[in-house]
Amino acid sequence: MITDKILTFIAAEEAIVREAYLDAVGVWTWGVGVTAATGVDVLAYKDRPVCVQTCLAAFRTQLSARYLPEVLQAFEGFQWTEHQLGAALSFHYNTGAIGRAGWVQAALEGSEDAEARFMEWRKPSSIRPRRRAECALFFRGLWPENTAIKVFGVKKPSYCPDYASYRTVLLL
(Lines give C-alpha, C1' and ligand atoms only; values in the text may rest on other atoms or scores of the structure.)
Protein backbone atom coordinates (compact mmCIF):
# COMPACT_ATOMS: atom_id res chain seq x y z
CA MET A 1 0.00 0.00 0.00
CA ILE A 2 2.96 2.35 0.55
CA THR A 3 4.09 2.86 -3.02
CA ASP A 4 7.55 3.97 -4.07
CA LYS A 5 6.05 7.34 -5.00
CA ILE A 6 4.65 7.81 -1.48
CA LEU A 7 7.90 6.66 0.12
CA THR A 8 9.90 9.07 -2.03
CA PHE A 9 7.56 11.98 -1.28
CA ILE A 10 7.90 11.56 2.48
CA ALA A 11 11.64 10.82 2.41
CA ALA A 12 12.18 13.98 0.34
CA GLU A 13 10.43 15.94 3.09
CA GLU A 14 12.51 14.26 5.80
CA ALA A 15 16.04 13.52 4.44
CA ILE A 16 18.32 10.55 5.11
CA VAL A 17 21.32 10.16 7.38
CA ARG A 18 23.04 6.86 6.62
CA GLU A 19 24.53 6.35 10.09
CA ALA A 20 23.43 7.01 13.66
CA TYR A 21 23.31 10.65 14.72
CA LEU A 22 21.98 12.80 17.52
CA ASP A 23 18.86 14.72 16.49
CA ALA A 24 18.03 18.28 17.55
CA VAL A 25 16.89 17.14 21.01
CA GLY A 26 19.71 14.64 21.59
CA VAL A 27 17.93 11.42 20.58
CA TRP A 28 19.95 8.83 18.69
CA THR A 29 18.40 8.55 15.24
CA TRP A 30 19.24 6.87 11.95
CA GLY A 31 18.07 6.73 8.35
CA VAL A 32 14.81 8.58 7.75
CA GLY A 33 14.11 9.56 11.34
CA VAL A 34 14.21 6.06 12.85
CA THR A 35 14.73 6.04 16.63
CA ALA A 36 15.03 3.28 19.23
CA ALA A 37 11.34 3.85 20.04
CA THR A 38 10.57 1.93 16.85
CA GLY A 39 12.38 -1.15 18.13
CA VAL A 40 15.41 -0.64 15.88
CA ASP A 41 18.87 -0.80 17.46
CA VAL A 42 19.89 2.61 16.13
CA LEU A 43 23.31 2.49 17.79
CA ALA A 44 24.16 -0.50 15.60
CA TYR A 45 24.60 2.16 12.89
CA LYS A 46 26.93 4.39 14.91
CA ASP A 47 30.04 4.94 12.77
CA ARG A 48 28.63 2.36 10.34
CA PRO A 49 26.91 4.05 7.39
CA VAL A 50 24.74 1.89 5.18
CA CYS A 51 23.39 2.41 1.67
CA VAL A 52 20.38 4.61 0.96
CA GLN A 53 18.28 1.59 -0.04
CA THR A 54 18.79 0.01 3.40
CA CYS A 55 17.64 3.24 5.04
CA LEU A 56 14.57 3.41 2.80
CA ALA A 57 13.68 -0.25 3.44
CA ALA A 58 13.74 0.38 7.21
CA PHE A 59 11.68 3.54 6.70
CA ARG A 60 9.06 1.64 4.67
CA THR A 61 8.84 -0.96 7.43
CA GLN A 62 8.42 1.75 10.08
CA LEU A 63 5.72 3.54 8.08
CA SER A 64 3.84 0.30 7.44
CA ALA A 65 3.97 -0.96 11.01
CA ARG A 66 3.58 2.21 13.07
CA TYR A 67 1.98 4.97 11.00
CA LEU A 68 -0.14 3.43 8.28
CA PRO A 69 -2.51 1.61 10.67
CA GLU A 70 -3.26 4.85 12.54
CA VAL A 71 -3.89 6.73 9.28
CA LEU A 72 -6.23 4.00 8.04
CA GLN A 73 -8.05 3.98 11.38
CA ALA A 74 -8.51 7.77 11.35
CA PHE A 75 -9.99 7.56 7.84
CA GLU A 76 -12.02 4.39 8.39
CA GLY A 77 -14.09 3.57 5.30
CA PHE A 78 -12.34 6.20 3.16
CA GLN A 79 -11.67 5.35 -0.48
CA TRP A 80 -8.01 6.28 -0.88
CA THR A 81 -6.13 7.58 -3.83
CA GLU A 82 -2.35 7.26 -3.84
CA HIS A 83 -1.88 11.00 -3.44
CA GLN A 84 -4.27 11.25 -0.48
CA LEU A 85 -2.61 8.38 1.34
CA GLY A 86 0.82 9.88 0.69
CA ALA A 87 -0.19 13.26 2.06
CA ALA A 88 -1.99 11.87 5.13
CA LEU A 89 0.90 9.52 5.92
CA SER A 90 3.44 12.34 5.57
CA PHE A 91 1.34 14.55 7.86
CA HIS A 92 1.07 11.83 10.48
CA TYR A 93 4.76 10.88 10.30
CA ASN A 94 5.64 14.51 10.90
CA THR A 95 3.05 15.37 13.57
CA GLY A 96 1.86 12.09 15.07
CA ALA A 97 -1.53 13.79 15.20
CA ILE A 98 -3.73 12.12 12.58
CA GLY A 99 -6.12 10.94 15.31
CA ARG A 100 -6.80 14.41 16.66
CA ALA A 101 -6.42 16.64 13.60
CA GLY A 102 -9.71 18.41 12.84
CA TRP A 103 -8.99 18.47 9.11
CA VAL A 104 -9.44 14.69 8.97
CA GLN A 105 -13.09 14.77 10.02
CA ALA A 106 -13.66 17.81 7.81
CA ALA A 107 -12.22 15.91 4.83
CA LEU A 108 -14.34 12.84 5.60
CA GLU A 109 -17.44 15.04 5.69
CA GLY A 110 -16.47 16.82 2.47
CA SER A 111 -16.39 20.12 4.31
CA GLU A 112 -15.28 23.18 2.36
CA ASP A 113 -12.98 24.24 5.20
CA ALA A 114 -10.96 20.99 5.25
CA GLU A 115 -8.00 22.58 3.44
CA ALA A 116 -7.96 25.57 5.78
CA ARG A 117 -8.08 23.23 8.78
CA PHE A 118 -5.18 21.24 7.31
CA MET A 119 -3.12 24.42 7.14
CA GLU A 120 -3.74 25.14 10.83
CA TRP A 121 -0.86 22.70 11.43
CA ARG A 122 1.85 25.16 10.37
CA LYS A 123 4.05 25.66 13.43
CA PRO A 124 6.95 26.08 13.56
CA SER A 125 7.06 28.37 10.55
CA SER A 126 9.79 26.22 8.98
CA ILE A 127 7.18 23.47 8.46
CA ARG A 128 4.96 25.61 6.23
CA PRO A 129 6.43 24.52 2.87
CA ARG A 130 5.93 20.88 3.84
CA ARG A 131 2.38 21.49 5.00
CA ARG A 132 1.57 23.34 1.75
CA ALA A 133 2.98 20.42 -0.26
CA GLU A 134 0.96 17.88 1.75
CA CYS A 135 -2.20 19.99 1.45
CA ALA A 136 -1.80 20.40 -2.32
CA LEU A 137 -1.19 16.66 -2.62
CA PHE A 138 -4.16 15.59 -0.49
CA PHE A 139 -6.78 17.99 -1.82
CA ARG A 140 -5.63 18.59 -5.40
CA GLY A 141 -3.47 15.60 -6.25
CA LEU A 142 -0.46 17.80 -7.01
CA TRP A 143 2.75 15.84 -6.54
CA PRO A 144 5.80 18.09 -6.09
CA GLU A 145 8.08 18.39 -9.10
CA ASN A 146 11.21 17.99 -6.98
CA THR A 147 11.43 14.73 -5.08
CA ALA A 148 15.18 14.81 -4.57
CA ILE A 149 16.07 13.30 -1.22
CA LYS A 150 18.86 14.97 0.72
CA VAL A 151 21.42 12.60 2.19
CA PHE A 152 23.48 14.09 5.02
CA GLY A 153 26.71 12.92 6.59
CA VAL A 154 27.51 13.07 10.29
CA LYS A 155 29.96 15.47 11.94
CA LYS A 156 32.18 13.93 14.56
CA PRO A 157 32.71 13.95 17.48
CA SER A 158 29.35 15.73 17.95
CA TYR A 159 27.39 13.14 15.92
CA CYS A 160 25.15 15.88 14.55
CA PRO A 161 24.05 15.83 10.92
CA ASP A 162 26.36 17.79 8.64
CA TYR A 163 23.76 20.15 7.18
CA ALA A 164 26.42 22.16 5.35
CA SER A 165 27.34 19.24 3.15
CA TYR A 166 24.92 16.83 1.51
CA ARG A 167 24.17 15.02 -1.71
CA THR A 168 20.82 14.34 -3.28
CA VAL A 169 19.39 11.14 -4.71
CA LEU A 170 16.49 10.79 -7.10
CA LEU A 171 14.49 7.58 -6.88
CA LEU A 172 11.65 8.28 -9.31
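The structure under discussion appears in the preceding block.
Residues numbered from 1 in each chain as written. Predicted model: local features only at pLDDT ≥ 70, side-chain atom pairs only at ≥ 80, totals over all residues. Heavy atoms only, no water.

(A) Expanded view of the packing of aromatic side chains. Counting across every chain of the model gives 21 aromatic pairs. Centroid distance Phe 9 to Trp 143: 6.0 Å. Interplanar angle 85°. Geometry classified as edge-to-face. Linking Phe 9 in helix α1 (residues 4-14) with Trp 143 in the loop between α6 (128-140) and β4 (149-155), this pair joins segments that are 134 residues apart in sequence. Among the residues examined, Trp 143 registers a relative accessible area of 22% and is labelled partly exposed. On the numbers, 5.1 Å between centres and 75° between planes, the contact of Phe 152 with Tyr 163 is edge-to-face. Taken as a pair, Phe 152 in strand β4 and Tyr 163 in strand β5 (residues 160-169) lie far apart in primary sequence, 11 residues in all. With relative accessibility at 10%, the residue Phe 152 sits in the buried group. Three or more aromatic residues joined by ring pairs form one cluster here, namely Phe 75, Phe 78, Trp 80, Phe 91, Trp 103, Phe 118, Trp 121, Phe 138 and Phe 139. (Phe/Tyr/Trp six-rings, centres within 6.5 Å; stacked < 30°, edge-to-face > 60°. Helix = DSSP H or I, 4+ residues; strand = E, 2+ residues; numbered from the N terminus. Buried < 20%, exposed > 50% of the residue type's maximum accessible area, 1.4 Å probe, protein only.)

(B) Just the packing of helix α2 (residues 52-74) against helix α3 (residues 82-95), in detail. The interhelical angle for the contact between α2 and α3, taken along N-to-C directions, is 95°, at an axis separation of 10 Å. When the interaxial angle is binned, α2 and α3 end up roughly perpendicular. Counted together, Phe 59, Gln 62, Leu 63, Tyr 67, Leu 68, Glu 70 and Val 71 of α2 and Leu 85, Ala 88, Leu 89, His 92 and Tyr 93 of α3 form the full contact between these two elements. Class assignment of the residues belonging to the contact of α2 with α3 gives a composition of 9 nonpolar, 2 polar and 1 charged. (Axes fitted to C-alpha atoms, helices over the stretch in contact; angles between N-to-C directions. Parallel < 35°, antiparallel > 145°, perpendicular 65-115°, else oblique. Contact = heavy atoms within 4.5 Å. Nonpolar A, V, L, I, M, F, W, Y, C, P; charged D, E, K, R; others polar.)

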